[in-house]
Structure formats: C-alpha cells, structure tokens
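# Structural characterization, general
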Amino acid sequence: MDNNTNKNISPSGETKGGQITGAEALMRSLEHEGVDVLFGYPGGAIMPTYDALFDHRESLNHILVRHEQAAVHAAQGYARVSGKVGCCIVTSGPGAMNTITGVADAMIDSTPLVVICGQVGAAMLGTDAFQEVDVVGVTQPITKWNYQIRRAEDIPWAVARAFYIAKSGRPGPVVLDFAKNAQTAMINYEPQTVDFIRSYKPIHHPSLDAIKAAAEMINNSVKPFMLVGQGVELGNAQAELLELCEKAQIPFGQTLLGLSAAPTDHPLNKGMLGMHGNYAPNFMTNQCDLLIAVGMRFDDRITGNLKTYAKQAKIIHFDIDPSEINKNVKVDLSLVGDCKETLAQVSEFVKPAKHQAWIDGFAPYAEKEYDKVINPALNPTEGPLLMGEVVRKVSEATNHEAILVTDVGQNQMFGCRYFKFTKKRSVVTSGGCGTMGFGIPAAVGATFGAPDRTVCMFAGDGGFQMSIQELGTIMEQQCPVKMIMLNNNYLGNVRQWQYMFFNKRYSFTPMVNPDYELIAKGYGIPCRTVVERKDLEGAIREMLDTKGPYLLQVAVKEEDNVLPMTPPGGNVDEMLFEVEQTTELPKGLKKN
C-alpha cells in the first residue's frame with residue numbers, strides 16, 4: 001500500500017483491527033525512547049511520516065529548519081547541552097545528502113544522534129528512482145551504525161537499536177534509511193527496548209591490577225599533569241575528575257570540547273590545550289613526569305609534533321573507546337572504560353599529595369602569556385574593538401553562566417579562549433570537523449536542550465552567512481539565541497594563515513558583506529551594530545535584556561590575530577606570541 005487514504009484507517013494511522021502504519025509505529029517508537037524534540041524538513045519520500053507526525057505535535061515538538069544540514073547541527077546542539085540523543089528527520093536524495101556534513105561532524109565529536117531519512121520504496125531500490133541515493137553506502141564510514149528499514153515490522157526493533165547504539169559507550173550518530181513502503185504498510189505494533197547487542201561491547205572494565213597500577217603511578221609522580229577531554233562531559237564524570245585532581249593535587253588543562261568539564265577559575269585549572277591554547281599547559285606538557293589523559297583522543301591540534309610530544313613522561317590514558325589507545329600516542333598504561341567509574345576507582349587508591357612547587361611552576365608561563373597576549377586583547381585603550389574583549393565582556397555580563405556556542409574560525413578560538421565557564425555542558429562547538437555554518441543551528445538546538453539557560457552564539461561574518469537562512473527558524477520559534485557577530489570583513493582564520501605562511505597573499509579571503517541590520521529586520525530580529533568601544537557594554541546589556549533572539553554585530557579589528565599559536569607540525573611547547581610573516585610553509589602545508 002503506497003498511501004494511507006484507505007477508509008478503514010483513522011487519522012492516527014490505526015485500523016479498526018488495531019494495526020497501525022509504519023509511520024505511526026515510528027512516532028510511537030520515538031515517544032517510547034523519550035524523544036521530545038525533532039528537527040527536520042519534509043519532502044516526498046518522508047511524507048507519510050510527516051503525516052503521522054501531525055497527530056503527535058503535542059508530544060513530539062517538531063522544529064522546521066530551513067536546510068537539512070541545519071537539522072543535524074541543531075540536533076547536535078540539543079544533544080550536547082542536554083545529554084540526550086538528538087533526533088532529526090529529512091527526506092531522501094538531496095535531503096539525506098544535505099545531512100552528511102553534520103553526521104560526519106557528530107561522528108568525530110562523539111555526539112549521539114539518530115538521523116531518519118526517507119527513501120524510495122523497496123521495490124524501486126537500485127533503479128535510480130527520483131531522489132534515490134544509496135544513503136547506507138554513503139554514511140557507513142561516518143556512523144556508528146546505519147540500517148535500511150524495508151519492512152514496517154522492523155521499525156520498533158530498528159529504532160530501539162538505533163537509540164541504544166547512539167547513546168551507549170562512546171556516543172555517535174546512527175542513520176536510519178526509511179523506505180516509503182515501510183512507512184505506509186500496516187503492522188501490529190509492540191514497543192521494544194534494546195539494552196544488549198551480541199558482539200557489541202560499549203563498556204569495558206579495567207582490571208583491579210590496572211586500577212592499582214594507575215594509582216601507584218600517580219602516587220609516585222612528582223610532576224603529574226592531566227589532560228581533560230570531552231569524555232568527562234559525555235560520561236558525566238565532572239565530580240569524579242575534580243575529586244581525583246584535588247586529592248592528588250594534579251593540575252590540569254582542557255581540550256576545546258572539554259572546556260566546561262571543570263570551572264575555569266578552579267585553582268588547578270591551567271587553561272586550554274592545543275594550537276591556540278594557553279602557553280602554560282602546553283609548555284608544561286613537555287615538562288611533566290606523568291601525563292594523564294582523560295576522555296580525549298590526542299588530536300593533532302593538541303599534540304603538535306608527535307616526535308617531541310611528552311617524550312619525558314609516563315602516560316596513562318583513560319578512554320571508553322579501545323580504538324583510541326595507542327592510536328596517536330603510545331601510552332604506558334590504559335584504562336578502557338567509563339571514566340565516571342574508572343576515575344572514582346583510581347581515586348580510592350590514590351594518596352593525598354601536594355605538588356605545590358610543580359603547580360607554582362605554571363605561573364611564569366601564564367604571566368608571560370598574560371603580559372604579551374591576554375592583557376592587550378582584553379584591555380586595549382585605543383584602536384578598533386578586539387574579538388577577545390568582546391567575548392570576555394559578554395561572558396562577564398552573563399556572570400560566566402551562559403552556554404557558549406561558536407561557529408568555526410577566529411570567532412571560535414577567541415570565544416573558547418576568553419569565555420569563562422562555571423557550569424557543565426556549556427561549550428558547543430565543532431571540534432574535529434571544523435564545520436563553518438555550525439553556529440546558528442547548533443545554538444537553536446541548544447535553546448531547546450537547555451531552555452532555562454542563556455545561549456550566546458559567536459560567529460564571524462563568513463560562517464554566519466553559511467547558515468543565515470536559519471534566521472527563519474529563529475524567527476518562527478522565537479529562539480532566545482543571543483547572536484554576536486564578530487565582523488572583520490575577512491575569512492579571518494584563513495587570512496591569518498595567509499599572512500603568516502603565504503606572504504600576505506590574501507587569496508579570496510576579503511569579504512563583501514550585506515547589510516546585516518536590514519536582514520535581521522526582515523526576520524523581525526532586533527539588531528544593533530557597535531563600532532565604538534564606549535557603546536559595547538550597553539549594547540551587550542540591551543541584548544541580554546531583550547526577550548527572544550537578538551543579533552549584535554560588532555565591527556572588530558580587521559587583522560586581529562589569535563595568539564599564542566603553535567604552528568602546524570610544530571612543537572607544543574614552542575608557541576608564537578607574535579604573528580611573524582614568513583614564506584616558509586609549515587610541514588603540514590609543504591608541497592611534495
């Protein structure tokens with residue numbers, strides 16, 4: 001049956017005999033999984049599902065985005081701040097293909113998603129039918145699991161399995177390719193729950209000997225240092241992390257996605273790691289005698305040159321995913337498991353310690369960075385507004401309690417360097433994929449995932465235009481997103497690299513921008529542009545006091561640069577404090 005116009009079928013998709021359509025079975029399965037918000041965009045091959053959704057509008061709040069990629073990014077923002085599985089629905093062909101970037105982004109950043117795509121009827125598969133694409137084949141490398149639902153009776157099982165895989169172990173995206181005939185066929189529905197899959201072992205448990213060995217290494221260490229990744233947030237292990245660090249007095253640095261796993265002002269928090277991170281934690285990585293990595297994957301932006309990275313240190317790696325162990329950095333001891341459990345277990349055997357001299361040793365490097373970079377970025381006395389000062393002023397105005405969402409580029413680095421965090425699950429940014437256009441839709445999702453919190457989204461003028469159509473979603477939903485556009489009339493991050501490594505040849509990075517105030521007005525969104533420093537604080541207060549969405553455009557220094565910086569392929573402890581123009585390409589950019 002290709003449609004649900006049979007007179008024996010009620011508007012809810014149920015027959016007099018108790019059977020329901022596959023589309024109705026999907027709705028009930030989503031409700032069974034606790035889904036309350038969906039992001040999506042309808043189309044031909046998913047129309048029966050949208051027809052069923054019409055009768056579930058009270059329980060399943062559907063948010064109509066303006067582009068399918070935005071549906072995935074919005075689901076990501078929702079998942080990252082709520083701790084739940086994000087869910088979106090799109091049609092087949094171009095609709096499904098428009099989700100690919102978001103699915104890949106979710107995979108590399110370990111974000112739990114279920115993406116439901118329409119598909120042509122099973123009888124038409126492989127015929128190059130209208131809007132048919134091999135979604136399973138395309139998404140297989142970038143999902144934890146994908147499955148094509150060809151029969152209505154498979155729907156409860158497939159949905160239950162999808163949500164279990166998405167949220168268990170190391171989280172990630174799952175794609176369900178939903179054939180149209182399965183949406184319209186009739187079944188006797190029974191909800192299913194999946195909590196075990198043979199051959200799938202999402203959680204491992206290290207031996208007691210390994211736990212004791214880790215504690216002994218910490219007890220014998222004189223200069224321990226911990227690297228805190230997003231795994232601490234995903235595992236809800238924030239309290240266990242601080243318990244161990246405070247007991248053994250272990251200073252720590254944080255990855256980009258792990259920035260809100262501990263309060264910014266915690267005395268043991270030494271700042272952000274990585275290419276544009278803080279100098280002290282990067283430098284001391286190559287000075288410690290024990291490096292403890294928790295829920296992070298030793299990304300190249302963190303390690304720099306692997307040949308010189310922490311060679312003096314013993315290394316312990318806590319991670320839920322065994323495939324990350326020894327992938328990039330060879331370690332001396334691995335604890336594969338849920339870090340909420342493993343951190344607590346190790347803490348039991350760790351002795352109270354003091355490493356005051358070691359902790360104090362971070363100060364000179366922090367002071368050097370403050371004098372050379374931070375103070376000039378936050379406290380300029382003249383000249384154009386700087387990105388760093390704008391970010392810090394917004395953070396201060398929210399009492400450092402807001403959720404930070406960023407797009408990608410200089411706005412992302414300045415945002416994550418100068419925003420402060422006091423609450424967990426407070427940073428939403430595209431880490432491993434670096435997806436421009438992520439910011440606006442992710443912020444939309446964050447407002448639904450944490451409706452009681454303030455959401456501040458920073459974007460550059462380049463990334464803002466990549467998802468500018470989502471102002472329509474914000475207009476319709478009146479999402480209270482506080483959008484701060486740092487407008488420097490450049491694709492700023494690329495321009496900085498062109499200055500440093502390409503002899504200041506600004507090849508297609510200058511931007512010709514539209515009138516953003518006029519665009520915002522067209523969407524009914526309040527907007528204000530700030531050019532002068534004296535107007536900044538008042539504009540920020542106006543933005544935060546305005547109910548609903550707000551766009552604050554700030555004209556910033558055109559050639560502002562993110563510093564300090566470890567050049568690509570450089571040593572993590574050799575950061576640049578000034579932008580130096582050179583024609584010598586870094587190793588990663590040299591031609592063969």
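See the structure above.
Residues numbered from 1 in each chain as written. Predicted model: local features only at pLDDT ≥ 70, side-chain atom pairs only at ≥ 80, totals over all residues. Heavy atoms only, no water.

## Points about the sheet that holds strand S4 (residues 86-90)
Operational definition: Two strands are said to pair when DSSP picks up at least two bridges between them. Only DSSP runs of H or I reaching four residues or more are called helices, and only runs of E reaching two or more are called strands; each is numbered from the N terminus. Inter-axis angles, ranging from 0 to 180 degrees, are taken between N-to-C directions of lines fitted to C-alpha atoms, where helices are fitted over the stretch in contact.
With parallel pairing, the 6 strands of this open sheet are ordered in space as S3-S2-S4-S5-S7-S6. On the outer flanks of this sheet lie strand S3 (61-64) and strand S6 (145-149), each paired with one strand and no other. On average, adjacent strands in this sheet sit at an angle of 20 degrees to one another, irrespective of strand direction. Sheet topology places S4 next to strand S5 (residues 113-119); 5 bridges connect them, and they run parallel. Bridging across to S5, Cys-88 finds its partner in Val-115.

## Structural notes on the side chain of Ser-347
What counts, and what does not: Any two residues whose heavy atoms approach within 4.5 Å at even a single point are treated as in contact.
Looking at the secondary structure, you find Ser-347 in helix H14 (residues 339-349). With residues near it in sequence (within four places) discarded, Ser-347 still touches Glu-243, Leu-244 and Lys-247.

## Topic: the layout of surface pockets
Note the cut-off: Definitions used for this entry: grid spacing 1 Å over protein atoms alone; cavity, a set of points where a 1.4 Å probe fits but cannot get out; pocket, an open set with protein on both sides within 12 Å along at least 5 of 7 lines; lining residue, one with an atom within 4 Å of a point. Grid points are joined across faces, edges and corners, and a volume is the space filled by probe spheres set on the points. Residues are grouped as follows: Ala, Val, Leu, Ile, Met, Phe, Trp, Tyr, Cys and Pro are nonpolar; Asp, Glu, Lys and Arg are charged; every other residue, Gly included, is polar.
Considered as a void within the structure, the second largest pocket measures approximately 570 Å³ in volume. Together, 27 residues line the second largest pocket, and Thr-264, Lys-270, Gly-271, Asn-278 and Ile-374 are the ones closest to its centre. If you list the elements that add at least two residues to the lining of the second largest pocket, you get strand S11 (269-272), helix H15 (356-360), helix H16 (363-378) and helix H18 (410-418). Here the lining of the second largest pocket takes 7 residues from H16, the largest share from any one element. By residue class, the composition of the lining of the second largest pocket is 14 nonpolar, 5 polar and 8 charged.

## Details of the environment of Asn-411
Quick reminder of the rule: For each residue, the accessible area found with a 1.4 Å probe, counting protein chains only, is set against the maximum for its type, and the residue is called buried under 20%, exposed over 50%, and partly exposed in between. A 3.5 Å cut-off defines polar contacts: any pair of N or O atoms within that distance qualifies, except that in protein one atom must be a possible hydrogen donor and the other a possible acceptor, and neighbouring residues in sequence count only when both atoms are side-chain atoms.
Assignment of secondary structure puts Asn-411 in helix H18. Under the relative-accessibility criterion, Asn-411 is labelled buried at 4%. Placed 36 residues apart in sequence, Asn-411 and Thr-447 show a C-alpha to C-alpha distance of 20 Å. Here Asp-407 takes part through its backbone nitrogen, which lies 3.3 Å from a polar atom of the side chain of Asn-411.

## Regarding the sheet that holds strand S12 (residues 290-294)
Spatially, 6 strands are ordered S11-S10-S9-S12-S13-S14 in an open sheet, and the strand pairing comes out parallel. With partners counted over all chains shown, the strands left at the sheet margins are S11 and strand S14 (333-336), one partner each. For this sheet, the mean angle separating the axes of adjacent strands, direction not counted, is 15 degrees. Pairing of strand S13 (residues 314-319) with S14, which is carried by 4 bridges, proceeds in the parallel orientation. Residue His-317 lies in a different strand from S14, and its bridge partner there is Ser-334. Each of S12, S13 and S14 is contacted by helix H9 (residues 208-220), which is oriented at about 130 degrees to S14, the strand it contacts most.

## Digging into empty space enclosed by the protein
Evaluated as defined, the whole model comprises 2 cavities of 30 Å³ or more. There is about 80 Å³ of room inside the largest cavity. Lining the largest cavity are Arg-80, Gln-230, Glu-233, Leu-234, Leu-257, Arg-425, Ser-426 and Val-427. Considered class by class, the residues forming the lining of the largest cavity number 3 nonpolar, 2 polar and 3 charged.

## Things to note about helix H17 (residues 387-397)
Counting buried positions along H17 yields 8 of 11 residues, so the element is predominantly enclosed. Residues Met-387, Gly-388, Glu-389, Val-390, Val-391, Arg-392, Val-394 and Ser-395 constitute the buried set of H17. At its buried positions, H17 is contacted by H16, H18, strand S17 (455-460), strand S18 (481-487), helix H24 (536-545) and strand S20 (550-555). Asn-399 lies just past H17 and shows a positive phi near 60 degrees.

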